[in-house]
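Next come the chains, spelled out residue by residue.
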Amino acid sequence: MEISLAYLEILKKEGNKALVICQNLNANNEFRNAIASVQNNNSQHVDYNAEHIVLYDIVKIFNDYITLYPSSFKTPAKAKFILVYFYEKLQGRDLSKVYNLKKLNEIPLSTKFDENIATIRATSFFQSIDSMKEEFMFPAILSKIKSEHLLSINSFLNRIASLIVKSDDSISGEEKEFLKQVSEKINAPKVIVNEAKYNEVPKNDSLEIVLEELHELIGLEDIKKNVNDLTNFLKIQKIREKKGLKTANNSLHTVFMGPPGTGKTTVARMLGRIYKHLGYLEKGHLIETDRAGMVAGYVGQTAIKADEIIKSAIGGVLFIDEAYSLTSGGLNDFGTEAIEVLLKRMEDQRGNLVVVVAGYPDEMESFIQTNPGLQSRFNRYFKFDHFEVNTLLEIFKLYTKKADFVLTEDAEEKLLEILDRIYEKRHRGFGNARTIRNLFEKIIERQANRIVSMTPITEEVLITLIEDDIPEILKTVKEIILFDDGENE
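Everything numeric here is computed off the predicted structure, so don't read it as measured data.

K.L.:
Tell me about the pairing of strand 5 (residues 354–359), and name the residues and values.
P.N.:
For strand 5, a buried count of 6 out of 6 residues is recorded, marking the element as mostly surrounded by other parts of the structure. Both faces of strand 5 are covered, namely the face carrying Val354, Val356 and Ala358 and the face carrying Val355, Val357 and Gly359. The sheet contact formed by strand 2 (residues 254–257) and strand 5 spans 4 bridges and is parallel. When the bridges of strand 5 are listed, Met257 appears paired with Gly359. Looking at chain direction, strand 4 (residues 317–321) and strand 5 are connected through 5 bridges and run parallel. Its bridge partner lying in strand 5, Ile320 is registered against Val357.

K.L.:
Describe the packing of aromatic side chains, naming the residues involved and giving the relevant values.
P.N.:
Here the structure, examined in full by the defined rule, presents 14 aromatic pairs. For the pair Tyr65 and Phe178, a centre-to-centre distance of 6.0 Å together with 55° between the ring planes defines the contact as tilted. Of this pair, Tyr65 sits in helix 3 (residues 50–66) while Phe178 sits in helix 10 (residues 173–187), and the two are 113 residues apart along the sequence. Tyr65 gets classed as buried once you look at its relative accessible area, which sits at 0%. Their ring planes at 85° and their centres at 5.4 Å tell us that Tyr85 and Phe86 sit as a pair that is edge-to-face. Each member of the pair, Tyr85 as well as Phe86, carries the same accessibility label: buried. Connected via pairs of aromatic rings, a cluster forms that spans Phe81, Tyr85, Phe86 and Phe156. One cation-aromatic arrangement involves Lys78 over Tyr7; the distance from NZ or CZ to the ring centre is 4.1 Å.

K.L.:
Please set out the pattern of salt bridges residue by residue, giving values where relevant.
P.N.:
Counted under the stated rule, the structure contains 24 salt bridges. Lys102 is paired through a salt bridge with Glu106; the nearest N and O atoms lie 2.6 Å apart. With Lys102 and Glu106 both in helix 6 (residues 101–106), this residue pair falls 4 residues apart, about one helical turn. Looking at Glu106, the relative accessible area reads 33%, which means it is partly exposed.

K.L.:
Tell me what's going on with the sheet that holds strand 6 (residues 380–383), and back it up with residues and numbers.
P.N.:
Strands sit in the order 1-3-4-5-2-6 across an open sheet of 6 strands; the sheet is mixed. The strands lining the two open edges of the sheet, one partner per strand, are strand 1 (197–199) and strand 6. Going across the sheet, the axis of each strand differs from the next one's by a mean of 20°, ignoring polarity. Bridge count for strand 1 against strand 3 (residues 286–289) is 3 bridges, and the pairing is antiparallel. Residue pairing for strand 3: Asn199 is matched across the bridge by Leu286.

K.L.:
Could you give an account of the nonpolar core, naming the residues involved and the relevant values?
P.N.:
One finds Phe31, Ile58 and Phe138 to be the most contacted residues of the largest nonpolar core, which totals 64 residues. For this core, the secondary-structure elements that each account for two or more residues are helix 1 (5–26), helix 2 (29–37), helix 3, helix 4 (77–89), helix 7 (113–122), helix 8 (137–144), helix 9 (150–165) and helix 10. At 11 residues, helix 3 tops the list of elements feeding residues into this core. For Phe138, the contacting residues outside a window of four places in its chain are Cys22, Leu25, Phe31, Ala50, Ile53, Val54, Asp57 and Ile153. Of all hydrophobic cores here, the second largest spans 53 residues; its members include Ile218, Phe256, Leu281 and Ile481.

K.L.:
Just give me the short version of the environment of Pro456, but keep the residues and values in it.
P.N.:
Structurally, the position occupied by Pro456 is in the loop between helix 21 (433–451) and helix 22 (459–463). Pro456 gets classed as exposed once you look at its relative accessible area, which sits at 59%.

K.L.:
So what's going on with a negative patch on the surface? Which residues, and what values?
P.N.:
A cluster of acidic residues, Glu409, Asp410, Glu413, Glu467 and Asp468, forms a negative patch at the surface. Relative to the helices and strands, Glu409 is located in helix 20 (residues 409–424). Glu409 gets classed as exposed once you look at its relative accessible area, which sits at 63%.

K.L.:
Describe in detail the confidence of the model for the protein, supporting the description with residues and values.
P.N.:
Taken residue by residue, the protein gives an average pLDDT of 90. The fraction at 70 or more is 97%. Here helix 23 (residues 473–488) stands out as the element of the protein with the lowest mean pLDDT, 73, in contrast to strand 8 (residues 464–465), whose mean of 97 is the highest.

K.L.:
Got a sec to walk through helix 17 (residues 361–369)? Specific residues and values, please.
P.N.:
Every buried residue of helix 17 is accounted for by Met364, Phe367 and Ile368. The arc that holds the buried residues of helix 17, viewed along the axis, is 95°, so those residues lie on one side. In this structure, helix 17 carries Asp362 and Gln369 as exposed residues pointing more than 90 degrees from its buried face. In the core, the buried residues of helix 17 are packed alongside strand 2, helix 16 (335–348), strand 5, helix 18 (372–377) and strand 6.

K.L.:
Can you explain unusual backbone geometry? Please cite residues and give values.
P.N.:
Following Thr455, the chain continues to Pro456 via a peptide bond in cis, the omega torsion being -10°. Even without glycine at this site, Lys146 takes up a positive phi of about 55°. Of note, Lys146 is situated in the loop between helix 8 and helix 9. One non-glycine residue, Asn204, adopts positive backbone phi at about 55°. Within the fold, Asn204 resides in the loop between strand 1 and helix 11 (207–216).

K.L.:
Before we move on, could you go through the side chain of Ser167 and cite the residues and values that matter?
P.N.:
Looking at where Ser167 falls in the secondary structure, it is placed in the loop between helix 9 and helix 10. Once residues within four sequence positions are removed from consideration, Ser167 is found in contact with Tyr65, Pro76, Lys78, Ala79 and Ile82.

K.L.:
Quick rundown of the environment of Glu135? Include the residues and the values.
P.N.:
If you trace the backbone, Glu135 turns up in the loop between helix 7 and helix 8. The exposure class assigned to Glu135 is buried, which follows from its relative accessible area of 13%. Spatially, the C-alpha atom of Glu135 lies 12 Å from that of Ile58, the residues being 77 residues apart in sequence. Not counting the four nearest positions on each side in its chain, Glu135 is found in contact with Tyr56, Asp57, Lys60, Lys185 and Lys190.

K.L.:
Lay out the packing of helix 19 (residues 389–402) against helix 21 in plain terms, naming residues and giving numbers.
P.N.:
Here helix 19 crosses helix 21 at 45°, and the two axes come no closer than 10 Å. One element, helix 19, and the other, helix 21, form an angle in the oblique class. Crossing of helix 19 against helix 21: the hand is right-handed. The segment helix 19 lies against helix 21, with Leu392, Ile395, Phe396, Tyr399 and Thr400 engaging Ala433, Ile436, Arg437, Leu439, Phe440 and Ile443. Here the contact of helix 19 with helix 21 is composed, by residue class, of 9 nonpolar, 1 polar and 1 charged.

Conventions adopted
- Residues numbered from 1 in each chain as written.
- Predicted model: local features only at pLDDT ≥ 70, side-chain atom pairs only at ≥ 80, totals over all residues.
- Heavy atoms only, no water.
- Buried < 20%, exposed > 50% of the residue type's maximum accessible area, 1.4 Å probe, protein only.
- Helix = DSSP H or I, 4+ residues; strand = E, 2+ residues; numbered from the N terminus.
- Pairing = 2+ DSSP bridges.
- Phe/Tyr/Trp six-rings, centres within 6.5 Å; stacked < 30°, edge-to-face > 60°.
- Lys NZ or Arg CZ within 6 Å of the ring centre and 35° of its normal.
- Salt bridge = Lys/Arg side-chain N within 4 Å of Asp/Glu carboxyl O.
- Axes fitted to C-alpha atoms, helices over the stretch in contact; angles between N-to-C directions.
- Core = buried A, V, L, I, M, F, W, Y, C linked by side-chain atoms within 4.5 Å.
- Contact = heavy atoms within 4.5 Å.
- Patch = residues over 30% accessible without salt bridge, like charges linked within 9 Å, V, L, I, M, F, W, Y side chains within 5 Å.
- Areas by Shrake-Rupley, 256 points an atom, 1.4 Å probe, with all protein chains shown as cover.
- Lys, Arg positive; Asp, Glu negative; His and termini not counted.
- Charge placed at Lys NZ, Arg CZ, Asp CG, Glu CD.
- pLDDT = per-residue confidence, 0-100.
- Arc of directions from axis to C-beta.
- Parallel < 35°, antiparallel > 145°, perpendicular 65-115°, else oblique.
- Left-handed = near helix turned anticlockwise from the far one by under 90°.
- Nonpolar A, V, L, I, M, F, W, Y, C, P; charged D, E, K, R; others polar.

Dropping the structure here:
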């Protein structure tokens, strides 16, 4: 191994860039709040700064890299030196200023060098929540707050990975694949938002794929037509735009009105993907939330909480379920503050954020009318209706097909009687597809209890649902109606 002055200058330059960004971010309260939001509960008392997060990611790159070698002792000494250099640099100690070139080249030969490497690797620079343990934290945190430093940090981490991999002045096919995987993970970070669900756009997605999935949805014929009509309209608007012609107002903020379990969230996910492929949104992801995700219980905290959720949706779709609950607490409720933050962000991010609000029809109409800002921004309305009996049966059969089950004719007749009765007695809180899923799970439990003592248990026995597996009709109908009423009201 040989460390030259030119090589040291490369490391020093990279380290200085990272330190400037870290110092800038350490003074940013939004960044510090984002760190806390992905911090393990056991380390809540620790005040992490940006330098800790960078070191966490560098150590992760190194740890992942050395798995390519049969043992850590086989890892190139130059790669280990890079780790030590940035460990010191990001703590304010530049080895190139402390030691001369001869001494720096001798450091990796020291008997304690590998012990120091082991110590650095074992140091807990940052303790993340479980769902983020395999992620690069700095890109995830910066992506979450839409930081202007995201591209710079991503480039820095990719360069460090490249320096480590090329430390032996060669690169194998396996190492090329490693760099590709690291780059993909850094440039497409996983984002965690408190009290919200993050839905990414599938890899290798396309407009054709989304529209095919839309076509395959059971029921929802009016909704599918509405989405197809909207897609065609947006396609033409883009063509007009490219030809320099005037285009219509393309406000995409939408109100979904309908009962639970009718596919509102599914369609919202598809809209985000469609808008991305048509060039109206940068990422097309979907953030699902509700009042709990946007409203805090203390003065001044709601604006922070709501802003975090909304920012995470920039470039995609923010889906707010039961949105009318934001105004359910009266004039002094903190939900009003969340709406004001939402309206401001909708204006600021007019070309790169779509908001979909959803809930029961009557309440949604009242909600939109409570604020002139809401009325002016939401001009698309999609109405979702309860599924008909035949559609409910199709949904049930889809569950059976996906889970490798088949219904006998007698079982289907009994099931259809249940569906007829629950549809007849349905109220606005009826769970539709959600109810069918719960019923399916109950039925396969009954089948398991029936066959568990059989000998032998053949494949035919395992996949067949018979009349006895369908629960008693009147009792089941009563339970479903009561359950739905209690769950959704």
